[in-house]
Amino acid sequence: MLSRTFLRASRAGIRRQVSLISPLQKRYASSSSSANAKGANSIFAFLGGSLVGALTYKFAFSPGSQQPQEATPDPIVADFSSYLTSISTLSTLPLSDLESPVYASREKVEQGLTEIREIFKKNTPKGTAYDDSLCVNNTKEELDSHSDTYFNSHHALPEERPLYVVYPRSTQEVSEIMKVCHKYRIPVVPTSGRSSLEGHFIPTRGGITIDISNMNQIVKLDKTDLDITVQGGVGWEELADYLEEYNLLFSSDPGPGATISGICANNASGTNASRYGETYKNVLNLTVVLADGTVIKTKQRPRKSSAGYNLNSLFIGSEGTLGIITEATLKLHVKPVIESVIVVPFNTIEDAANSVNEILLKGMELNAIELLDDKMMQVINISGETTKKWQVSPTLFLKVGGSNQQVVNSLIQQIKGIVGNNKNLDFQFASNDDEKTELWSARKVALWSTINRGKEINDEMLLWTTDAAVPISNLPQFLKETKADIDNHGLKNSLVAHIGDGNAHSFILYLPSERDTAEKVVNNMVQRAIRLDGTCTGEHGIGFGKRDFLVEEVGELPIAVMRKIKLALDPLRILNPDKVFKIDPNEKGH
């Protein structure tokens, strides 16, 4: 029989487990002893197979074991009973089964910051003076810029600011900082490039922001295996410049300023995705710091693996709610020896979309397949940001490549025949690098041209940029109805689509007084995509702004599974709170 002395010696550790877990979930396990017994295996697996867990399991739950004959209930056993009934035995976690999270007071945050400063001082190399302003910052400018941007579609409230922004220099420092935050229950918003659009880094719970933009080193390039390991703060544009020398590329090319950690956290993509795939298809492994400071590496470097759960895909697209991505090993692609750009205007979007569908059904692999609508082409002409004037019609921008000029010429001729069958208005292709740059320039300046045009019309003009994606066969209907709806509501707008994978972006210009109208047409666009078997976002992510649309798209049960995973990895709910889905049944309105 297990001695009471041993049990009492373990009391503090047991109660610590209880104190961490029990406030997080309501009691919804069965009160019957059989249900508790059935849940014991998973519960003690959670305890990590510790000696206390194993011995107490044997003591309390082994078949045929005799119950101790005690005159009064043992408080330790009572602790375990409370612990067992506070843990769900269900596979899902509905929001209604949660209590509100409890976060650090201002006083506790200050205590935590004192310890975080000591971490930075300890890790500062000998002979280098410690500069606190480079590691910890709470100036108004810094707090504001880590809460919101002009590009955000969902803006932070005035009181939604972090108390501090901290700048770790290594995975080790991120881990040590997270251990402090976990100890004090300090909410954490991880950031790097801050180029996201759906309120991803709004500090809804205050706390601190961990900005890993200083972790911007390229760790190792393997030219033979075609992969590269980089820190999370490396920008994709800097990475592209580095790889240019080796004639290599990484698949994702999202908005300017995006970094590898953010690209992975949002499963971003860009113009290259139709040929090389989205981010999740091009990540070999990740280094991730979990909510309690634990550091994990998801895999090694094989091009394929069926070993265990695919943790890469768990963290990619989790938007900083499950862990902080500090390093990634990325799959690289060899650039084609020869590449050309083709520009093809059409009378209608339907004609352009039908051409793309035919190209794809013939098995032709193009390096990029982009569509700009007539209004986008007009805005680019007005902006003067390109040297060329463009036909004001829905226009396809295509990149074709191959191992030699003969292969490229063959593709060009095939495409020319396909677009001719769909009533194209013109057909231009680049014969040299200068022409290629000129022809692709319109696609590159699309967003900036829209912003500048809006400011020329009215200095108070705001931009709402959103995305959705549908099966390619449904894209013509989606684009036509979306354009008509925005026009009917009287808003200035333009449209860009990664048409090769059915992903459309709408740039909507509106004045502050027109915010409700802009929100209405965006809601219509997203709901239209969902009705057409699509998604509320192809690459921007959910953030804070599209949480309700995620419910519409997948339903409550899949989100309850996501919430279960979230609380398994982050039971205190300190990592990027309130993003992707709700974690607080009593959340205040935004």
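### Quick look at the nonpolar core
In terms of nonpolar packing, the biggest core is built from 47 residues, with Ile116, Val166, Met178, Ile208, Ile210 and Ile324 touching the most fellow members. Those elements giving two or more residues to this core turn out to be helix 6 (106-123), strand 2 (164-166), helix 9 (171-184), strand 4 (208-211), strand 18 (503-510), helix 20 (515-531) and helix 21 (547-554). Examining the composition of this core, we find that 6 residues originate from one element, helix 9, more than from any other. Excluding residues within four positions of it along the chain, methionine 178 makes contact with Val188, Ile210, Val289, Leu290, Ala291, Asp292, Gly293, Ile324, Ile574 and Leu575. In terms of nonpolar packing, the next biggest core, distinct from the first, is built from 34 residues, Ile369, Val408, Ala468 and Ile499 among them.

### Focus: the packing of helix 19 (residues 475-488) against helix 20
Viewed as axis vectors pointing N to C, helix 19 and helix 20 meet at an angle of 165°, and their least axial separation amounts to 10 Å. The orientation of helix 19 with respect to helix 20, classified from their angle, is roughly antiparallel. Two packed elements cross with a definite hand, and for helix 19 against helix 20 that hand is right-handed. Along its contact with helix 19, which presents Phe478, Glu481, Thr482, Asp485 and Ile486, the element helix 20 presents Val521, Asn524, Met525, Arg528 and Ala529. For the contact of helix 19 with helix 20, the class distribution of residues is 5 nonpolar, 2 polar and 3 charged.

### Brief notes about the sheet that holds strand 17 (residues 492-498)
One open sheet accounts for 7 strands, arranged 15-12-14-13-17-18-16; its pairing is antiparallel. Only two strands of the sheet have a single partner each, and these edge strands are strand 15 (428-429) and strand 16 (462-469). Bridge count for strand 16 against strand 18 is 8 bridges, and the pairing is antiparallel. Across the sheet, alanine 469 pairs through a bridge with asparagine 503, a residue of strand 18. Against the sheet, helix 20 makes contact with strand 16 and strand 18, and its axis sits at roughly 10° relative to strand 16, the strand it touches most.

### Comments concerning unusual backbone geometry
Located in the positive-phi region is lysine 423, a residue other than glycine, with phi close to 65°. Structurally, the position occupied by lysine 423 is in the loop between helix 16 (405-421) and strand 15. In the Ramachandran plot, aspartate 578 falls in the positive-phi region, its phi being about 75° despite a non-glycine side chain. Residue position: aspartate 578 is located in the segment after helix 22 (556-569).

### Comments concerning the confidence of the model for the protein
Taken over all residues, the pLDDT of the protein has a mean of 87, while the share at 70 or more is 85%. Long-range and interchain partners of residues 1-72, a stretch whose pLDDT sits below 50, account for 99 contacts in this model, where long-range means more than four residues apart.

### Structural notes on the packing of helix 6 against helix 9
Relative to each other, helix 6 and helix 9 sit at 160°, their axes nearing to 10 Å. Taken as axis vectors, helix 6 and helix 9 run roughly antiparallel relative to one another. The interaxial crossing formed by helix 6 with helix 9 has right-handed handedness. Where helix 6 abuts helix 9, its residues Lys108, Gln111, Gly112, Glu115, Ile116, Ile119, Phe120, Lys122 and Asn123 lie against Gln172, Glu173, Glu176, Ile177, Val180, Cys181, Lys183 and Tyr184.

### Some details on the packing of aromatic side chains
Within the structure shown, the criterion is met by 7 aromatic pairs. A connected cluster of aromatic rings, assembled from ring pairs, spans Tyr150, Phe151 and Trp448. One Lys or Arg, lysine 388, reaches over the ring of tryptophan 390 and ends 5.5 Å from the middle of that ring. Across the ring face of phenylalanine 544, the terminal group of arginine 547 is positioned such that the distance to the ring centre comes to 4.4 Å.

### A look at the pairing of strand 17
With 6 of 7 residues buried, strand 17 is to be regarded as a mostly interior element. Two strands pair when backbone bridges link them, and strand 13 (residues 368-372) and strand 17 are joined in this way by 2 bridges, in the antiparallel orientation. Bridging across to strand 17, leucine 371 finds its partner in alanine 497. When strand 17 meets strand 18, the two strands line up antiparallel, connected through 7 bridges. Across the sheet, alanine 497 pairs through a bridge with alanine 504, a residue of strand 18. Between strand 17 and strand 18, which pair antiparallel one after the other, the connecting turn spans 4 residues, and glycine 502 there sits at a positive phi close to 75°.

Cut-off values and rules
- Residues numbered from 1 in each chain as written.
- Predicted model: local features only at pLDDT ≥ 70, side-chain atom pairs only at ≥ 80, totals over all residues.
- Heavy atoms only, no water.
- Core = buried A, V, L, I, M, F, W, Y, C linked by side-chain atoms within 4.5 Å.
- Buried < 20%, exposed > 50% of the residue type's maximum accessible area, 1.4 Å probe, protein only.
- Helix = DSSP H or I, 4+ residues; strand = E, 2+ residues; numbered from the N terminus.
- Contact = heavy atoms within 4.5 Å.
- Axes fitted to C-alpha atoms, helices over the stretch in contact; angles between N-to-C directions.
- Parallel < 35°, antiparallel > 145°, perpendicular 65-115°, else oblique.
- Left-handed = near helix turned anticlockwise from the far one by under 90°.
- Nonpolar A, V, L, I, M, F, W, Y, C, P; charged D, E, K, R; others polar.
- Pairing = 2+ DSSP bridges.
- pLDDT = per-residue confidence, 0-100.
- Phe/Tyr/Trp six-rings, centres within 6.5 Å; stacked < 30°, edge-to-face > 60°.
- Lys NZ or Arg CZ within 6 Å of the ring centre and 35° of its normal.

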